[in-house]
Amino acid sequence: MMSRLLPHPFLSLILALVWLLLVNSMAPGHILLGLVLGLVIPLATGPFWPGHTGVHRPLTLLRFFGILGYDILTANIVVARLILTSGRPLRPAFVVMPLTLRSDLAISLLANTICLTPGTVSARLSPDQRELLIHALDVDDPQALVETIRRRYEAPLREVFEP
């Protein structure tokens, strides 16, 4: 019964917290509205969710988010420095990354992680979901970029979602 009313409890909590951060208020009405949104949105979107996906290594996921936060911060500084102070021309490139991930959720998280990091964008996923086309703002070694993404993002996601 409880799982029918609260199918995604963690998501419900996150939605309520995000609402409170967005409105920047702890007024009782906003808290109540955040809780209502946290309950209604997962219920309304339930039919669109894939089957249950378990997190097999929560500490690895926590470490992944720490690495991602650090990479976003440092990439912002690097991109700003490249644009504002570098006298050399940028070397943009499209790079094809062969994927070892097979889970739709893991692939989606990888593609979004790449987009969140300034200087890189996931441009296209191949129809067979075996390759991801990435655009990078400044690339001197395409293979090094692929190996960095594989080591820092793809490997932890595989540990967490594809044991």
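Residues numbered from 1 in each chain as written. Predicted model: local features only at pLDDT ≥ 70, side-chain atom pairs only at ≥ 80, totals over all residues. Heavy atoms only, no water.

This paragraph deals with the pattern of salt bridges. The full count for this structure, using the stated rule, is six salt bridges. Taking the shortest distance from any N to any O, the salt bridge between Arg57 and Glu159 comes out at 3.3 Å. On the criterion of sequence distance, the pair formed by Arg57 in the loop between α3 (28-45) and α4 (58-84) and Glu159 in helix α6 (residues 142-161) is long-range, its members being 102 residues apart. The partner of Arg88 in a salt bridge is Asp138, and the shortest N-O contact between them spans 2.5 Å. Of this pair, Arg88 sits in the loop between α4 and β1 (93-98) while Asp138 sits in the loop between β3 (131-136) and α6, placing them 50 residues apart in sequence. One connected set of salt bridges, linked through shared partners, spans Arg88, Arg91 and Asp138. (Salt bridge = Lys/Arg side-chain N within 4 Å of Asp/Glu carboxyl O. Helix = DSSP H or I, 4+ residues; strand = E, 2+ residues; numbered from the N terminus.)

Taken as a whole and judged by the stated rule, the model has two aromatic pairs. With a centroid separation of 6.2 Å and an interplanar angle of 85°, the aromatic rings of Phe64 and Tyr153 are classed as edge-to-face. Taken together, the positions of Phe64 in helix α4 and Tyr153 in helix α6 put the pair 89 residues apart, joining distant regions of the chain. Phe64 sits in the buried class, given a relative accessible area of 4%. Judged by its relative accessible area of 6%, Tyr153 is buried. Members of the aromatic cluster, joined through ring pairs, are Phe64, Phe65 and Tyr153. (Phe/Tyr/Trp six-rings, centres within 6.5 Å; stacked < 30°, edge-to-face > 60°. Buried < 20%, exposed > 50% of the residue type's maximum accessible area, 1.4 Å probe, protein only.)

Let's shift gears to the sheet that holds β3. Ordered in space as β1-β3-β2, the three strands form an open sheet in which the pairing is antiparallel. Each having just a single partner strand, β1 and β2 (120-125) make up the two edges of the open sheet. Across the sheet, the mean angle separating the axes of adjacent strands is 30° when strand polarity is ignored. Along the sheet, helix α5 (residues 104-116) contacts β1, β2 and β3; its crossing angle with β2, the most-contacted strand, is approximately 145°. The strands touched by α6 are β1, β2 and β3; relative to β1, the strand with the most contacts, the crossing angle is about 50°. (Pairing = 2+ DSSP bridges. Axes fitted to C-alpha atoms, helices over the stretch in contact; angles between N-to-C directions. Contact = heavy atoms within 4.5 Å.)

So, about the pairing of β3. Two faces belong to every sheet, and in a regular strand the side chains alternate between them. By the alternation rule, side chains of β3 split into Leu132, Ile134 and Ala136, which are all buried, and Glu131, Leu133 and His135, of which none is buried. Pairing between β1 and β3: six bridges, direction antiparallel. In the sheet register, Val96 faces β3, and the bridge partner there is Leu133. Between β2 and β3, which pair antiparallel one after the other, the connecting turn spans five residues, and Gln129 there sits at a positive phi close to 60°.

Further remarks concern α3. For α3, built from 18 residues, the straight-helix expectation of 26 Å at 1.5 Å per residue is met to within 8% by its first-to-last C-alpha distance of 26 Å. Along α3, the residues that are buried comprise Gly34, Gly38 and Pro42. The buried side chains of α3 occupy one side of the element, clustering within an arc of 45° when seen end-on. Exposed side of α3, more than 90 degrees from the buried face: Pro28, Gly29, Leu32 and Ala44 are the residues found there. Buried-residue contacts for α3 involve α2 (9-23). (Expected span 1.5 Å × (residues − 1). Arc of directions from axis to C-beta.)

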